[in-house]
Amino acid sequence: MAIENVLLALFYVLIFPGIWFLATYGMTLEWVDRKLGAVLQNRVGPPWFQPMADFVKLVSKEVIIPKACDTLMFRNLPYFAVAGVTAAMMMIPVWNGALFSFEGDLIAVIYLLTIPTATFFLAGWSSTSPYAAIGSMRVLTQLFAYEVPLMLALIGPAILAGSWNITAIAEHFARNPAYMPAQIPGFLVAVLALQGKLERLPFDMPHAKTEIVGGQFTEYTGRLLAFFNMAVSMEMVVGAALLNAVFLGGGLGLTGIGAFALFMLKTFGVVLLLVVLRVLMARIRIEQMVNFCWQILAPLAMAQIVFDIFLRIKLG
Amino acid sequence: MKTKSLKEKIITWSRVKSPWILHFNSGGCNGCDIEVVDALTPRYDLERFGIQLKPTPRHADVMVVSGPVTRQQIKRIKRIYDQMAEPKFVVAVGACACSGGVFDGCYCVAPGGLDKVVPVSAYIPGCPVRPEAVIDGVVKLLGSLQK
Ligand code: SF4
């Protein structure tokens with residue numbers, strides 16, 4: 001019995017919905033992201049195996065650790081980033097509810113998704129290069145800008161469902177699909193904040209290559225860089241899955257293969273939105289982003305919450 | 001010829017499919033730089049070969065150098081070359097980088113082109129080079145890896 005439990009837990013962590021699933025799906029989404037971006041810019045774009053080739057190449061390259069670095073942190077941070085994202089995935093429903101579901105797992109997921117960002121900051125900080133240091137300061141500034149709107153946007157559906165449990169929120173929307181259109185402003189806020197979390201184009205100041213070289217990853221080479229890139233791709237999957245569960249009703253009451261197909265379809269849809277945003281917009285300045293997040297996104301999310309409370313009181 | 005193991009084959013395949021380049025101007029007239037940038041535009045779309053322009057030498061596999069090496073740049077180009085992770089390649093773009101070009105023998109230029117300073121894997125002639133020539137040169141360099 002004990003052995004079986006351990007094996008099952010290992011299966012969850014390593015295969016599905018853990019590292020293997022996240023890595024493959026993350027690479028697929030990364031390719032979709034690059035290919036669609038290319039098509040929208042009138043280009044041909046990379047072939048389907050591109051993210052895989054990048055990963056294998058980086059893993060097989062030399063790892064340089066600069067003398068001035070904090071070696072212990074520098075070496076281990078990429079694995080922490082991957083681990084944080086994988087842990088978050090354990091609490092998000094893929095088909096029949098999440099693996100570890102408890103009251104308040106929405107908060108736990110938000111905290112776990114902050115771990116990669118924290119490792120990005122520490123990565124830039126521990127590599128002691130001026131560019132990396134500027135990049136990591138921007139990572140933190142950006143964190144304070146998008147984290148609040150993201151959190152507020154996710155609170156709306158939680159209030160409507162009367163639960164802090166992601167699976168319960170998804171089930172609530174599956175039972176009452178009519179509530180879904182009312183969440184559109186909150187959903188848009190969450191998508192924009194997710195774009196900031198993933199450091200993608202309008203909000204890619206932390207590693208803006210025309211300004212500060214490689215940002216927080218300036219000094220990273222080989223295997224360590226490969227795992228950081230992997231963590232970012234995985235974060236995209238987890239972010240899309242989170243939005244799918246919280247705003248789009250998860251499996252919509254389906255079970256088995258149908259629910260899994262729906263999961264794929266809807267995460268794909270969220271990524272599509274992210275790609276269009278990335279291609280349409282140019283990079284803004286860091287202080288413009290803070291203003292935008294606090295003056296537009298946060299009040300919008302607040303309005304959504306007030307509206308949701310009203311809706312809940314009115315409809316019981 | 002020694003046959004390669006599967007692991008080596010996969011690694012070589014990945015290197016051929018994903019060369020990340022770093023663009024370095026070692027003192028050129030900017031003609032070649034514009035053409036390298038041109039090769040990266042949607043019209044030529046280098047990303048379909050997996051080529052990406054990387055901002056830092058730490059991430060790059062191929063350093064694309066344009067222009068003659070001025071005396072000021074010798075120290076810097078060596079340093080940037082050392083900052084790149086193995087395996088690394090250098091491509092000399094333009095007549096100047098290949099041989100010194102019209103600037104050869106100038107008081108401020110290191111005589112004899114780029115290969116007197118760092119090891120060069122491929123030479124792409126032209127003044128300035130055409131974007132097609134840059135793409136062709138990089139693809140041929142990568143093709144030679146498979147042998
Ligand atoms: S080869 Fe010609 S175009 Fe290129 S840097 Fe030299 S002089 Fe300029």
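See above for the structure.
The following refers to the structure shown.

Reading the values: the criteria
- One numbering rule holds for all chains: residues counted from 1, following each sequence as written.
- Numbering of ligands from 1 and lettering of chains from A proceed in the order in which they are written.
- Predicted model: local features are reported for residues with pLDDT of at least 70 only, side-chain atom pairs are reported and counted for 80 or more only, and whole-chain, interface and lining totals are derived from all residues.
- Each side-chain value is derived from all of the structure's non-hydrogen atoms; neither hydrogens nor water enter the calculation.
- Here, strands pair whenever DSSP counts at least two bridges between them.
- Helical segments are the DSSP runs of H or I of at least four residues, strand segments are the runs of E of at least two, and each set is numbered from the N terminus.
- The handedness of a crossover follows from its direction of travel: if, with the strands pointing away from the viewer, the path from the first strand over the helix to the second runs clockwise, the crossover is right-handed.
- Here an axis means a line fitted to C-alpha atoms, over the contact stretch when the element is a helix, while the angle between two N-to-C directions is reported on a 0 to 180 degree scale.
- Roughly parallel means an angle under 35 degrees; roughly antiparallel, over 145; roughly perpendicular, 65 to 115; everything else is oblique.
- Here a residue-residue contact requires only that any non-hydrogen atoms of the pair lie within 4.5 Å.
- Under the convention adopted here, Pro, Cys and the residues Ala, Val, Leu, Ile, Met, Phe, Trp and Tyr are nonpolar, Asp, Glu, Lys and Arg are charged, and Gly plus all remaining residues are polar.
- Buried area counts how much accessible surface, traced with a 1.4 Å probe, disappears from two parts once they are put together, with both parts' losses summed.
- A carboxyl oxygen of Asp or Glu within 4 Å of a side-chain nitrogen of Lys or Arg is what we treat as a salt bridge.
- Nitrogen and oxygen atoms within 3.5 Å of one another constitute a polar contact, given that in protein one can donate a hydrogen and the other can accept it, and given that sequence-neighbouring residues count only through two side-chain atoms.
- Classification of residues uses two cut-offs on accessible area relative to the type maximum, computed with a 1.4 Å probe and protein chains only: under 20% is buried, over 50% is exposed, and between them is partly exposed.
- As used throughout, the charge tally considers Lys and Arg to be positive and Asp and Glu to be negative, leaving His and the chain termini uncounted.
- Residues enter patches when their relative accessible area tops 30% and they take part in no salt bridge; the joining distance is 9 Å for like charges and 5 Å for the nonpolar side chains Val, Leu, Ile, Met, Phe, Trp and Tyr.
- Residue-level accessible areas treat just the shown protein chains as cover; the underlying method is Shrake-Rupley with a 1.4 Å probe.
- By convention, the crossing between two helices is left-handed when the near helix turns anticlockwise from the far helix through less than a right angle, and right-handed when the turn is clockwise.

Quick word on the pairing of strand 1 (residues 20-25) of chain B
Residues and elements named next belong to chain B. Two strands pair when backbone bridges link them, and strand 1 and strand 2 (residues 52-53) are joined in this way by two bridges, in the parallel orientation. Bridge assignment links Trp 20 to a residue of strand 2, and that residue is Gln 52. For the segment spanning strand 1, helix 2 (residues 31-39) and strand 2, crossover handedness is right-handed. In this sheet, strand 3 (residues 62-66) lies alongside strand 1 in parallel orientation, the contact comprising five bridges. Across the sheet, His 23 pairs through a bridge with Val 64, a residue of strand 3.

Observations concerning the packing of helix 2 (residues 19-40) of chain A against helix 10 (residues 222-247) of chain A
All names here are of chain A. Following both chains from N to C, one finds helix 2 and helix 10 inclined at 90°, their axes separated by 8 Å at the closest point. Judged by the angle between their axes, helix 2 and helix 10 are roughly perpendicular. Residues Ile 19, Leu 22, Ala 23, Tyr 25, Gly 26, Met 27, Leu 29, Glu 30 and Asp 33 of helix 2 form the contact with helix 10, whose own contacting residues are Met 230, Ser 233, Met 234, Met 236, Val 237 and Val 238. When its residues are assigned to classes, the contact of helix 2 with helix 10 shows 11 nonpolar, two polar and two charged.

Describing the interface of chain A and chain B
Facing the 30 residues of chain A at the interface are 27 residues of chain B. When the area that chain A buries against chain B is broken down by residue, the three leading residues are Arg 43, Lys 57 and Lys 61 of chain A, summing to 24%. Applying the counting criterion to the chain A and chain B interface returns six salt bridges. Of the charged contacts in the structure, one is a salt bridge between Arg 34 of chain A and Glu 47 of chain B, with a shortest N-O distance of 2.8 Å. Here chain A and chain B share 18 residue pairs in polar contact (both at pLDDT 80 or more) between them. Among the secondary structure elements, those contributing two or more residues to the side of chain A that touches chain B are helix 3 (50-59) and helix 10 of chain A. With six residues, helix 3 of chain A is the largest single contributor of residues to the side of chain A that touches chain B. Partitioning the side of chain A that touches chain B into residue classes produces 13 nonpolar, nine polar and eight charged.

A word on the sheet that holds strand 2 of chain B
Residues and elements named next belong to chain B. Within the open sheet, the five strands sit side by side as 2-1-3-4-5. Their pairing is parallel. If you trace the sheet from one side to the other, it starts and ends with strand 2 and strand 5 (122-124), each paired once. Sheet strands in contact with helix 3 (residues 71-83) are strand 1, strand 3 and strand 4 (89-93), and its direction is about 170° off that of strand 1.

Things to note about the pairing of strand 3 of chain B
Residues and elements named next belong to chain B. The buried fraction of strand 3 amounts to five of the five residues, a majority that puts the element mostly inside the structure. Of the two faces of strand 3, the one lined by Val 62, Val 64 and Ser 66 and the one lined by Met 63 and Val 65 are each fully buried. Summarising the sheet, strand 3 and strand 4 pair through five bridges and their orientation is parallel. Within strand 4, the residue paired with Val 65 across the bridge is Ala 92.

Comments concerning the side chain of Lys 54 of chain B
By secondary structure assignment, the location of Lys 54 of chain B is in the loop between strand 2 and strand 3. Among buried charged residues, Lys 54 of chain B stands out as having no salt bridge; its nearest opposite-charge side chain is Asp 54 of chain A, 7.0 Å away. In this structure Lys 54 of chain B touches Trp 20, Ile 21, Leu 22 and His 59 of chain B, once residues within four positions along its chain are discounted.

Some points on unusual backbone geometry
Here Glu 86 of chain B and Pro 87 of chain B are connected by a cis peptide whose omega angle stands at -10°. By the secondary structure assignment, Pro 87 of chain B is in the loop between helix 3 and strand 4. In this chain, Cys 127 of chain B is followed by Pro 128 of chain B through a cis amide linkage whose omega measures -10°. Relative to the helices and strands, Pro 128 of chain B is located in the loop between strand 5 and helix 5 (131-145). Backbone geometry at Thr 128 of chain A places phi at a positive 55°, although glycine is not the residue there. Topologically, Thr 128 of chain A is positioned in the loop between helix 5 (105-126) and helix 6 (130-161).

Examining a nonpolar patch on the surface
Side chains of Ile 3, Val 6, Leu 7, Leu 10, Phe 11, Val 13, Leu 14, Ile 15, Ile 19 and Trp 20 of chain A sit close together on the surface and give an oily, nonpolar patch of about 940 Å² of accessible area. Among the elements that make up the nonpolar patch, the one with the highest residue count is helix 1 (residues 2-14) of chain A (seven residues).

Quick word on the packing of helix 6 of chain A against helix 7 (residues 166-175) of chain A
All names here are of chain A. As a packed pair, helix 6 and helix 7 sit with axes 9 Å apart at the nearest point and diverge in direction by 70°. Compared by their axis directions, helix 6 and helix 7 come out roughly perpendicular. In terms of crossing hand, the pair formed by helix 6 and helix 7 is left-handed. In this structure, helix 6 uses Pro 157, Ala 158, Leu 160 and Ala 161 to contact helix 7, whose residues at the interface are Ile 169, His 172 and Phe 173. Residue composition of the contact of helix 6 with helix 7, grouped by class: six nonpolar, one polar and no charged.

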